[in-house]
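Structural characterization, general
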Amino acid sequence: MRIGLVGLGKMGHNMRARIRNGGHEVVGYDRNPEVTDVGSLAELVDQLTESPRVVWLMLPIDVVNATIEQLTPLLAPGDIVIDGGNSKWTWDEIHAQQLAKDGIHFVDVGTSGGVWGLQNGYALMVGGDDADIASCQPIFDALKPEGEFGFVHAGGHGAGHFAKMVHNGIEYGLMQAYAEGWELLEAAEEVTHVKEIFRSWRVGTVIRSWLLDLMVQAMDEDEHLDKIEGFAADSGEGRWTVNAAVDYGVAVPTISAALFARFVSQQEDSPAMKMVAAMRNQFGGHAVRTEGDAG
């Protein structure tokens, strides 16, 4: 299968490689001339010879609308646009309806895997019509982890991004709990081997996880996180999760507290946020502020 991939940043670049490793052809476009395969969206579409043509967007939220507007006149009825970035779920039905006016189909995919996706595979949460998802299934199979898990057809348009939003909200809560535990252990005079405590928890405990593995990796690189400032950005999906919970009347006190803790970290240096920042850097390549940064 041949697919167009727009956006070859930290995730998109590795996704292109994993799809190709899965035996498929990828035509990639990015504004960065060092990584792009073609010089324009028009050239990308011209190189997609199969029907339906499938174009996957892996873009920051602020350029998704403009890119879809540019793509629409280049595509034909029956073609499929996939939004695999961290777009807000409320946009998906709007995009589906806009594209449908020209006979173009739309699929939203919440994509998780960060900088480790090339090696481990990407968890895919997909929203859209059955037929469109079936058309794209070979690409989903190439991207997902090996085995029975890592892919779900979550529902109709918006379901994929909604699931990914909740996934990220849960991620906020988990990281906050780990980080607060780390800060408490660091503060205890009786405890002298904090890093080794977390390392020991990686097997046989009910709190073992990939995040825990990444915490240990971060401490192996900087045991007390002395080089990291206690600042953790919020990507937006934590806010969307809390707002959606309010709209649906669902209590999410843990996720809300984790989000608000990040707000506090953006005002003053927080020891726990050193660990949250370190984990975000480990799994997603998110930038960290180091001691001496101007901001």
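Below: a short report on this structure. Bear in mind the structure is a predicted one, so any value in this text is a computation, not a measurement. Along each chain, residue indices are assigned from 1 in the same order as the chain's sequence is written. Confidence filtering applies because this is a predicted model: local features only for residues at pLDDT of at least 70, side-chain atom pairs given and counted only at 80 or more, and all residues used for totals across whole chains, interfaces and linings. Side-chain metrics rest on all non-hydrogen atoms present in the structure, leaving aside hydrogens and water.

Focus: unusual backbone geometry
P52 follows S51 through a cis peptide bond whose omega is 0°. For P52, the location among the structural elements is in the loop between α2 (41–46) and β3 (54–57). Even without being glycine, L225 reaches a positive phi, approximately 55°. Looking at the secondary structure, you find L225 in the loop between α9 (210–221) and α10 (237–248). With a 1.4 Å probe rolled over the protein chains alone, any residue whose accessible area is under 20% of its type maximum counts as buried; one over 50% counts as exposed, and the rest are partly exposed. With a relative accessible area of 0%, L225 lands in the buried category. Under the DSSP-based scheme used, a helix requires at least four consecutive residues in state H or I and a strand at least two consecutive residues in state E, with every element numbered from the N terminus.

Quick notes on the environment of V81
Among the secondary structure elements, V81 is positioned in strand β4 (residues 80–83). Residues V81 and Q98, spaced 17 residues apart in sequence, show a C-alpha to C-alpha distance of 12 Å.

Points about the sheet that holds strand β5 (residues 105–112)
Here, a strand pair is defined by DSSP locating no fewer than two bridges between the strands. The 7 strands are arranged β2-β1-β3-β4-β5-β6-β7 in an open sheet whose pairing can be described as mixed. If you trace the sheet from one side to the other, it starts and ends with β2 (25–29) and β7 (151–155), each paired once. Averaged over neighbouring strand pairs, the angle between their axes works out to 25° when direction is ignored. Helix α1 (residues 10–21) rests against β1 (2–6), β2, β3 and β5 of the sheet, and its axis sits at about 170° to β1. Strands β4, β5, β6 (123–127) and β7 of the sheet are contacted by helix α7 (residues 159–187), whose axis makes an angle of about 15° with β5. A fitted line through C-alpha atoms represents every axis, and for helices the fit uses only the stretch in contact; the resulting angles, taken between N-to-C directions, go from 0 to 180 degrees. Any two residues having at least one pair of non-hydrogen atoms within 4.5 Å are treated as being in contact.

Brief notes about the packing of α10 against helix α11 (residues 253–265)
At a minimum axis separation of 10 Å, α10 and α11 run at an interaxial angle of 140°. Of the possible angle classes, the one that applies to α10 and α11 is oblique. Here the hand of the crossing between α10 and α11 comes out left-handed. Contact with α10, carried on its side by G238, R239, T241 and V242, involves I255, S256, L259 and F263 of α11 and no other residues of that element. In the scheme used here, Gly and all other residues not listed as nonpolar or charged are polar, with Ala, Val, Leu, Ile, Met, Phe, Trp, Tyr, Cys and Pro taken as nonpolar and Asp, Glu, Lys and Arg as charged. Residues of the contact of α10 with α11, tallied by class, amount to 4 nonpolar, 3 polar and 1 charged. Here the angle decides the label: under 35 degrees means roughly parallel, over 145 means roughly antiparallel, 65 to 115 means roughly perpendicular, and every other value means oblique. Handedness of a crossing is defined here by the sense of rotation of the near helix relative to the far one, left-handed for an anticlockwise turn of less than a right angle and right-handed for a clockwise turn.

Overview of the side chain of D30
Examined against the element boundaries, D30 turns out to sit in the loop between β2 and α2. His residues and chain termini do not enter the charge count, which takes Lys and Arg as positive and Asp and Glu as negative. Salt bridges are defined as contacts in which a side-chain nitrogen from Lys or Arg sits within 4 Å of a carboxyl oxygen from Asp or Glu. Despite being buried, D30 has no salt bridge partner; R31 is the closest side chain of opposite charge, sitting 6.0 Å away. Polar contact criterion, stated in full: a pair of N or O atoms within 3.5 Å, where within protein one must be able to donate a hydrogen and the other to accept it, and residues adjacent in sequence count only if both atoms are side-chain atoms. A polar atom in the side chain of D30 sits 2.7 Å from the backbone nitrogen of L8. A polar contact is formed between the side chain of D30 and the backbone nitrogen of N32, at a distance of 2.8 Å. Contacts of D30, omitting those with residues within four sequence positions, involve G7, L8, G9, V35 and T36.

Considerations on the pattern of salt bridges
Inspection of every chain in the model, using the stated rule, returns 10 salt bridges. Residues E25 and R2 are paired through a salt bridge, measuring 2.4 Å at the closest nitrogen-oxygen approach. Here E25, found in strand β2, pairs with R2, found in strand β1; they are 23 residues apart in sequence, far enough to count as distant. Given the relative accessible area of 22%, R2 is considered partly exposed. Notably, a salt bridge pairs D220 with K195, separated by 3.5 Å at the nearest N-O pair. One end of the pair, D220, is in helix α9; the other, K195, is in helix α8 (residues 194–200), with 25 residues separating them in the sequence. Its relative accessible area of 43% is what places D220 among the partly exposed residues.

With respect to the pairing of β3
Of the two faces of β3, the one lined by V54 and W56 and the one lined by V55 and L57 are each fully buried. Summarising the sheet, β1 and β3 pair through 3 bridges and their orientation is parallel. The partner of L5 across the bridge, within β3, is W56. Bridge count for β3 against β4 is 4 bridges, and the pairing is parallel. Note that in β4 the partner of L57 across the bridge is D83. Crossover β3 to β4 through helix α3 (residues 61–71) is right-handed. If the strands point away from the viewer and the path from the first strand over the helix to the second runs clockwise, then the crossover is right-handed.

Considerations on the packing of α7 against helix α12 (residues 271–284)
Between α7 and α12, the least distance of the axes is 8 Å, while the angle of their chain directions is 130°. By the angle class used here, α7 and α12 are oblique. The two elements α7 and α12 meet at a crossing, and its hand is right-handed. Here α7 contributes E171, M175, Q176, Y178, A179, E180, W182 and E183 to the contact with α12, which in turn contributes P271, A272, M273, K274, M275, V276, M279, R280 and F283. Grouping the constituent residues of the contact of α7 with α12 by class yields 11 nonpolar, 1 polar and 5 charged.

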